[in-house]
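Listed below, chain by chain, are the residues.
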Amino acid sequence: MEVEIGITHCGVCHSDIHLISNDWGVSQYPFIPGHEIIGTVAAVGDGVRLLKVGQRVGLGWESNSCGECEWCTRGLENLCPTMEATCVHRHGGYADRVRANARFVFPIPEALESERAAPLLCGGITVYNPLRSHEVNPSSRVGIVGIGGLGHMAIQFARVFGAEVTAFSTSAAKEEEARALGAHHFVNTRESKAMKEVAGSLDFILSTINADQDWGVYIQTLRPTGTLCFVGVPPSPVAVHAFPLISGVRTITGSPIGSPSRIREMLDVAARHGVKAQIERFPMAKANAAIEKVKKNKVRYRAVLAN
Ligand code: NAP
Ligand code: ZN
């Protein structure tokens, strides 16, 4: 059931950078990062019926799962305890070829341009899935924290769901672009006054940042019954007081990528509603330069490597 993909494009997700420096203690060297892949099917194994050689496809973070456990049979393959990640204990997409199980290889809708679609395969689904699962809708007031690779796609998807969107950023220079991407409001998180002004105003906050913060301030930004959802990975434990959770029935949660059926849905939604990554293109051979620029938070908004 394996498919070999000839890679044309691969996004540089911040998870690649965490894996390069073994921040999560799971990296094995030599290590080849890359899990936002677009390419064409180069070969298919026995039993692969739906994908054809030459077809344009995408592959994200997950490249296999057991297919038999409770979570796989419920269609939540992203929660499979033995799921295999595309670049953990196997070589990823900063390369010219990659292999994955056919269940995790997705046809790309024609309307999506390859280089702007590659970041949807990890960053895009990671933000689409919680917005969709938490039923963000036109009555929702949504905050997106961190306007990077994930955050700039989250603004766009939150708008597609009809929400009123507030962008939270440490980079004042991103305000105009955040508004152009669809944010109604912009909060400079380095200004404590601006943070206080939005207290008690949001139903759902999606944090995409990989840094520690005073999370209690974000809890205070939630309305009663609101949710703070982590997709970015701060290095330290998240410490908050229980009282605002109790008094306002507020929730803290997290979310990992999305299932194959959600990925197919997300690609279709992106194609029909014009959601696309804003990218900076680098030749594959310049992967190190792209990584350095991501580390400095200088990329607007996703580096994509091209073969
Ligand atoms: P990215 O492109 O580097 O964006 C991260 C953004 O966080 C930056 O653009 C910046 O936004 C903000 N930021 C950076 N340093 C900060 C600091 N010290 N304080 C406050 N804000 C800071 O990264 P990404 O690719 O979007 O990934 C973000 C995180 O999501 C990473 O931890 C990654 O591993 C994780 N991730 C998780 C999943 C999942 O399944 N849950 C999937 C993919 C990625 P501003 O300039 O706007 O402040
Ligand atoms: Zn990723």
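Summary of the structure given here. (Residues numbered from 1 in each chain as written. Chains lettered and ligands numbered in written order. Predicted model: local features only at pLDDT ≥ 70, side-chain atom pairs only at ≥ 80, totals over all residues. Heavy atoms only, no water.)

The volume enclosed by the largest pocket comes to roughly 930 Å³. Where the lining of the largest pocket is concerned, the elements lending two or more residues are helix H1 (14-20), helix H5 (149-160), strand S9 (164-169), helix H11 (287-295) and strand S15 (302-306). Lining the second largest pocket, in full, are Thr 189, Ser 192, Met 195, Lys 196, Ala 199, Gln 213, Asp 214, Val 217, Tyr 218, Gln 220 and Thr 221. Of all the secondary-structure elements, those providing two or more residues to the lining of the second largest pocket are helix H7 (192-197) and helix H8 (215-221). Take the lining of the second largest pocket: its biggest share by element is four residues, from H8. (1 Å grid on protein atoms, 1.4 Å probe; cavity = no way out; pocket = protein on both sides within 12 Å on 5 of 7 lines; lining within 4 Å. Points joined across faces, edges and corners; volume = space filled by probe spheres on them. Helix = DSSP H or I, 4+ residues; strand = E, 2+ residues; numbered from the N terminus.)

So, about the site of ligand 1. Around ligand 1, a shell composed of 29 residues is seen, among which His 14, Ser 169, Thr 170, Ser 171 and Arg 302 lie nearest. A distance of 3.0 Å separates a nitrogen atom of ligand 1 from a polar backbone atom of Val 231. For ligand 1, whose free accessible area comes to 930 Å², the fraction covered by protein is 86%. In a pocket analysis with a 2 Å cut-off to the grid points, ligand 1 is assigned to the largest pocket. (Near = heavy atom within 4 Å. Polar contact = N/O pair within 3.5 Å; in protein donor to acceptor, adjacent residues only side chain to side chain. Areas by Shrake-Rupley, 256 points an atom, 1.4 Å probe, with all protein chains shown as cover. Sits in = over half its atoms within 2 Å of the grid points.)

As a further point, take empty space enclosed by the protein. For the coordinates displayed, the defined rule picks out one cavity of 30 Å³ or more. Its boundaries defined by the atoms lining it, the largest cavity holds a volume of some 50 Å³. Lining the largest cavity are Gly 60, Trp 61, Glu 62, Phe 104, Phe 106, Leu 121, Ile 125, Ile 257, Gly 258 and Ile 263. For the lining of the largest cavity, the per-class residue count stands at seven nonpolar, two polar and one charged. (Nonpolar A, V, L, I, M, F, W, Y, C, P; charged D, E, K, R; others polar.)

Here the zinc ion (ligand 2) is held by Cys 13 (SG), His 35 (NE2) and Cys 122 (SG), and the distances to it run 2.0 to 2.3 Å. Each donor residue of the zinc ion (ligand 2) belongs to the same chain, with the gaps between them written as C-x21-H-x86-C. Separated by 22 residues along the polypeptide, Cys 13 in the loop between strand S1 (2-11) and H1 and His 35 in the loop between H1 and strand S2 (37-44) bring together distant segments of the chain. Taking relative accessible area as the criterion, His 35 reaches 0% and is therefore assigned buried. (Donors = N, O, S within 2.8 Å, 3.2 Å for Na, K, Ca; no water. Buried < 20%, exposed > 50% of the residue type's maximum accessible area, 1.4 Å probe, protein only.)

Residues Tyr 29 and Pro 30 are joined by a peptide bond in cis, for which omega reads 0°. Along the polypeptide, Pro 30 turns up in the loop between H1 and S2. Cis geometry is adopted by the peptide bond preceding Tyr 301, which originates at Arg 300 and carries an omega value of -10°. Phi is positive for His 89, which is not a glycine, with a value near 65°. Here His 89 shows up in the loop between strand S5 (84-85) and strand S6 (97-101).

Quick look at the pairing of strand S3 (residues 56-59) now. Across a regular strand the side chains alternate sides, sitting on one face of the sheet and then on the other. Note: S2 against S3, four bridges, orientation antiparallel. Residue pairing across strands places Gly 39 opposite Val 57, the latter belonging to S3. Here three bridges tie S3 to strand S7 (residues 105-107), and the two strands are oriented antiparallel to one another. When the sheet's bridge partners are listed, Gly 58 is paired in S7 with Phe 106. (Pairing = 2+ DSSP bridges.)

A surface patch of nonpolar side chains, amounting to about 220 Å² of accessible area, comprises Trp 24, Val 26 and Val 233. Positionally, Val 26 belongs in the loop between H1 and S2. Residue class for Val 26 comes out partly exposed when judged on its relative accessible area of 33%. (Patch = residues over 30% accessible without salt bridge, like charges linked within 9 Å, V, L, I, M, F, W, Y side chains within 5 Å. Salt bridge = Lys/Arg side-chain N within 4 Å of Asp/Glu carboxyl O.)

Within the largest apolar cluster, 53 residues are counted, with the highest numbers of intra-cluster contacts made by Leu 120, Ile 155 and Phe 157. Looking at this core, the elements that each hand over two or more residues are helix H4 (123-133), strand S8 (141-145), H5, S9, helix H6 (175-181), strand S11 (202-207) and helix H10 (260-273). In terms of residues, this core owes the most to one element, H5, which gives six residues. Beyond its immediate chain neighbours, meaning those up to four positions away, Phe 157 contacts Leu 120, Gly 124, Val 127, Tyr 128, Leu 131, Met 266, Val 269, Ala 270 and Val 275. Counting 28 residues, the second-largest nonpolar core is a separate cluster that includes Cys 10, Ala 100, Ile 291 and Val 299. (Core = buried A, V, L, I, M, F, W, Y, C linked by side-chain atoms within 4.5 Å. Contact = heavy atoms within 4.5 Å.)

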